[in-house]
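Report on the structure
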Amino acid sequence: MPRVAVIPQPNSPVEIREVPEPQLELNSALLEVELSEVCGTDVYLQQGRLAGVPYPLVPGHVSAGRLGKIRGTLLDIEGRAFREGDRVTFLDVHRTCHACWYCLVAKATTRCPQRKVYGITYGLDDGLCGGWADQIYLKPGTRIIRLEADADTFMAGGCALPTALHAVERGDLAIGDTVLVLGSGPVGVNSIILALMRGALRVLCIGAPDHRLEVASQAGAAAVLNFQARDEAARLEWVLERTDGRGADVTIEAAGAPEAVTEAMRFTRDAGRVVIVGQYTDHGASSFNPHLDINKKHLDVRGCWGSDFSHFYRGVQMVSDARRSVAWQALRANLSRYKLTDANGALAHVRDGKVLKALIEPLGS
Ligand SMILES: [Zn+2]
Ligand SMILES: [Zn+2]
């Protein structure tokens, strides 16, 4: 029987349970999990801070593995059939309807009310729907992507890769822009890599702790600042010194603290752009001056919620390309692996920022 690591209810430790192998519907499959991940969202799931989450829950929304049993036919977007044994990943978002107002009129599929997310809004009652498990049940209609990269390189980007790709796309970067990234966690680091690929002249990063800022530098940040070392005025000064006194052309907020949103606005030049991607969980309010911080600055502030198939797919292509994947191959040195039975330790290390990226490796654990 497959084992799963379950959060039974908010603020309870993770438990290992054995569950029956699912009956496969037509055009579905089982994924033998090689690697899944522990991200900041999983910490908030354990703390009960995300709305609409059904407990008990098996976390792990982005995973890589090999296709086990397939029932029926599963095709990739090129129309090629998947075979048992293929290494794949899959879009964690399922059931985007392509029939509602948000999907069809607003063309904002990440706001589709029908969408469900493996490991977040699918609970254990929905089946084997999280990656902290020996197997995941890939329900009919799941968007599966062939993975040419090894599982490590893909997971070095993990869920942060499509998120950051979406954020950089929302930032509409121009060649030669100076980009400021607030936050040096996985989304921040992936944003640095992708901003440079998109043509940024240089990327500045303000974050913490120092070991994460070292990773940000290795990923290509031209200058990094530990935000704990300076107050807001001194942080602004640091940005202005590096941007001819104007502020960043584009700022990507990937920090998570509400105050970072206000700082993102103040650290950006007049008529620049700000992308808010770090507020996936409700951390509370932040106050700003609408005249000084937005209107007079002629500032463009954009939210960025989740990611869709295009972000996920293009991220997979980047990590699968020999030359383009170099930055993620280097990030593999920062992966920390945990057995399924060590999920509580992994959560604690992610919560305390001790590791950049924690992975769950169910096989052999
Ligand atoms: Zn995640
Ligand atoms: Zn829809």
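Before going into details, it helps to say that this report is about the structure given with it. The shown structure was predicted, so the numbers you read here are calculated from the model rather than taken from an experiment.

Parameters and conventions
Residues numbered from 1 in each chain as written. Chains lettered and ligands numbered in written order. Predicted model: local features only at pLDDT ≥ 70, side-chain atom pairs only at ≥ 80, totals over all residues. Heavy atoms only, no water. Helix = DSSP H or I, 4+ residues; strand = E, 2+ residues; numbered from the N terminus. Rg over C-alpha atoms; globule rule 2.2 N^0.38 Å. Buried < 20%, exposed > 50% of the residue type's maximum accessible area, 1.4 Å probe, protein only. Expected span 1.5 Å × (residues − 1). Arc of directions from axis to C-beta. Contact = heavy atoms within 4.5 Å. Donors = N, O, S within 2.8 Å, 3.2 Å for Na, K, Ca; no water. 1 Å grid on protein atoms, 1.4 Å probe; cavity = no way out; pocket = protein on both sides within 12 Å on 5 of 7 lines; lining within 4 Å. Points joined across faces, edges and corners; volume = space filled by probe spheres on them. Nonpolar A, V, L, I, M, F, W, Y, C, P; charged D, E, K, R; others polar. Core = buried A, V, L, I, M, F, W, Y, C linked by side-chain atoms within 4.5 Å. Salt bridge = Lys/Arg side-chain N within 4 Å of Asp/Glu carboxyl O.

Quick word on the overall build of the chain
Helix and strand counts for the chain stand at 12 helices and 17 strands. Taken over C-alpha atoms, the radius of gyration comes to 20 Å for the chain, in line with the 21 Å a tight globule of 365 residues would show. Counting only C-alpha atoms and orienting by the principal axes, one finds that the chain spans roughly 60 × 40 × 40 Å. Burial analysis of the chain (365 residues in total) assigns 55% to the buried set.

Focus on helix H10 (residues 309-320)
Over its 12 residues, H10 runs 16 Å from end to end, which matches the ideal 16 Å to within 8%, given 1.5 Å per residue. What H10 keeps buried is the set Phe-309, His-311, Phe-312, Gly-315, Val-316 and Val-319. Buried residues of H10, viewed axially, fall in a sector of 165 degrees; they line one side. Those residues of H10 that are buried are in contact with strand E5 (87-90), strand E9 (144-146), helix H3 (151-157), helix H4 (160-171) and helix H11 (326-331).

So, the coordination of the zinc ion (ligand 2)
When four donors bind a metal tetrahedrally, each ideal donor-metal-donor angle is 109.5 degrees, and when six bind octahedrally, the ideal angles are 90 or 180 degrees. Coordination of the zinc ion (ligand 2) by the protein involves Cys-97 (SG), Cys-100 (SG), Cys-103 (SG) and Cys-112 (SG), with metal-donor separations of 2.3 Å. Read in sequence order, the donor residues for the zinc ion (ligand 2) give the motif C-x2-C-x2-C-x8-C. Judged by relative accessible area, which is 26%, Cys-97 ranks as partly exposed.

Structural notes on the coordination of the zinc ion (ligand 1)
Donor atoms from the polypeptide that coordinate the zinc ion (ligand 1) comprise Cys-39 (SG), His-61 (NE2) and Cys-159 (SG), at 2.0 to 2.2 Å from the metal. For the zinc ion (ligand 1), the donor residues sit on a single chain with the sequence spacing C-x21-H-x97-C. Here the residue Cys-39 occupies a position in the loop between strand E3 (28-38) and helix H1 (40-46), and His-61 occupies one in the loop between H1 and strand E4 (63-71), the gap between them amounting to 22 residues. We classify Cys-39 as buried; its relative accessible area is 9%.

Quick word on the layout of surface pockets
Counted as a void, the second largest pocket has a volume near 340 Å³. Residue lining of the second largest pocket: 16 residues in total, with Ala-51, Arg-111, Arg-115, Thr-121 and Trp-305 positioned closest to the centre. Here the residues of the lining of the second largest pocket sort into eight nonpolar, three polar and five charged.

Structural notes on the nonpolar core
Side chains of a nonpolar character, in soluble globular proteins, are inclined to be buried together. Counting 81 residues, the largest nonpolar core has Trp-132, Phe-154 and Val-179 as the members making the most contacts within it. Listed in part, the 17 residues of the second largest apolar core include Ile-206, Leu-225, Val-239 and Val-274.

Quick notes on the environment of Ile-16
Turning to its location among the elements, Ile-16 is positioned in strand E2 (residues 15-18). Judged by relative accessible area, which is 38%, Ile-16 ranks as partly exposed. Not counting residues up to four positions away in its chain, the partners in contact with Ile-16 are Arg-3, Val-4, Ala-5, Leu-340 and Thr-341.

Side note on the pattern of salt bridges
In the structure shown here, the tally under the stated rule is 24 salt bridges. In this structure, Arg-66 engages Glu-34 in a salt bridge whose closest nitrogen and oxygen atoms are separated by 3.9 Å. Separated by 32 residues along the polypeptide, Arg-66 in strand E4 and Glu-34 in strand E3 bring together distant segments of the chain. Judged by its relative accessible area of 18%, Glu-34 falls in the buried class.

Re the environment of Ser-184
Here Ser-184 shows up in the loop between strand E10 (178-182) and helix H5 (186-197). On the accessibility criterion, Ser-184 (2% relative accessible area) is buried. Put simply, Ser-184 and Leu-356 are 172 residues apart on the chain and 8.8 Å apart in space, counted from C-alpha to C-alpha. Look past the residues within four positions of Ser-184 in its chain and what remains in contact with it is Val-189, Cys-205, Gly-207, Ala-208, Arg-212, Leu-213 and Leu-356.

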